[in-house]
Amino acid sequence: MGEQKRKADTQTEFVFGRKNYKFMIIGLAVIGLGFILMSGGGSDDPNVFNPEIFNFRRIRLAPTLVLLGFAIEVYAILLNPNKK
């Protein structure tokens, strides 16, 4: 009888709320997109230089998306789920 009462009193409570997890998933998706945009641009022949590695997408856009994703992750961690 006492064990059933203890189980009824203890409720599973998550550290983060649903809103936090949504922002975390969005942040991970933005980070993943940044790394996908950063990839590629190599050459099959090591004697041929490919200037595609220095284009706007790999030098500016992709790192900006990765940093934005990390900022979203920090926001998701610091977000108070109980605040209305």
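Residues numbered from 1 in each chain as written. Predicted model: local features only at pLDDT ≥ 70, side-chain atom pairs only at ≥ 80, totals over all residues. Heavy atoms only, no water.

Peer 1: Please give an account of a nonpolar patch on the surface that cites residues and values.
Peer 2: A surface patch of nonpolar side chains, about 410 Å² in accessible area, is lined by Phe49, Ile53, Phe54 and Ile59. For isoleucine 53, the location among the structural elements is in the loop between α2 (18-38) and α3 (56-78). (Patch = residues over 30% accessible without salt bridge, like charges linked within 9 Å, V, L, I, M, F, W, Y side chains within 5 Å. Areas by Shrake-Rupley, 256 points an atom, 1.4 Å probe, with all protein chains shown as cover. Salt bridge = Lys/Arg side-chain N within 4 Å of Asp/Glu carboxyl O. Helix = DSSP H or I, 4+ residues; strand = E, 2+ residues; numbered from the N terminus.)

Peer 1: Describe in detail the UniProt feature "transmembrane region" (unreviewed entry) in the chain, supporting the description with residues and values.
Peer 2: The positions that UniProt labels "transmembrane region" (unreviewed entry) are, in the present scheme, residues 21-41 and 61-79. Spanning residues 21-41, this segment combines 86% helix with 0% strand, and its end C-alpha atoms are found 34 Å apart. Helix makes up 95% of residues 61-79 and strand 0%, whereas the separation of the span's terminal C-alpha atoms amounts to 26 Å. (UniProt positions renumbered as here; feature names shortened; annotations may be inferred.)

Peer 1: Summarise α3; cite the residues concerned and give the values.
Peer 2: An α-helical segment advances 3.6 residues per turn. Residues three or four places apart therefore align on the same side. For α3, built from 23 residues, the straight-helix expectation of 33 Å at 1.5 Å per residue is met to within 8% by its first-to-last C-alpha distance of 32 Å. Remark: the principal bend of α3, roughly 25 degrees, maps to alanine 62, with a proline, proline 63, within the next four residues. The set of residues buried in α3 consists of Arg58, Ala62, Leu65, Val66, Gly69, Ile72, Glu73 and Ala76. (Expected span 1.5 Å × (residues − 1). Bend = angle between axes of the 7 residues up to and from the residue. Buried < 20%, exposed > 50% of the residue type's maximum accessible area, 1.4 Å probe, protein only.)

Peer 1: An account of the packing of α2 against α3 is requested, with residue identities and associated values reported.
Peer 2: Contact pair α2 / α3: the axes reach a minimum separation of 8 Å and the direction vectors enclose 165 degrees. It follows that α2 is roughly antiparallel to α3 by the angle criterion. In the crossing of α2 with α3, the sense of the turn from one axis to the other is left-handed. Split by residue class, the contact of α2 with α3 holds 19 nonpolar, four polar and three charged. (Axes fitted to C-alpha atoms, helices over the stretch in contact; angles between N-to-C directions. Parallel < 35°, antiparallel > 145°, perpendicular 65-115°, else oblique. Left-handed = near helix turned anticlockwise from the far one by under 90°. Nonpolar A, V, L, I, M, F, W, Y, C, P; charged D, E, K, R; others polar.)

Peer 1: Quick rundown of the side chain of arginine 58? Include the residues and the values.
Peer 2: On the secondary structure map, arginine 58 appears in helix α3. Nearest to the buried, unbridged arginine 58 among oppositely charged side chains is glutamate 52, at 4.3 Å. A distance of 3.2 Å separates a polar atom in the side chain of arginine 58 from the backbone oxygen of serine 39. Those residues within four positions of arginine 58 in sequence are excluded, and the remaining contacts are Leu37, Met38, Ser39, Gly40, Gly41, Glu52, Ile53 and Pro63. (Lys, Arg positive; Asp, Glu negative; His and termini not counted. Polar contact = N/O pair within 3.5 Å; in protein donor to acceptor, adjacent residues only side chain to side chain. Contact = heavy atoms within 4.5 Å.)

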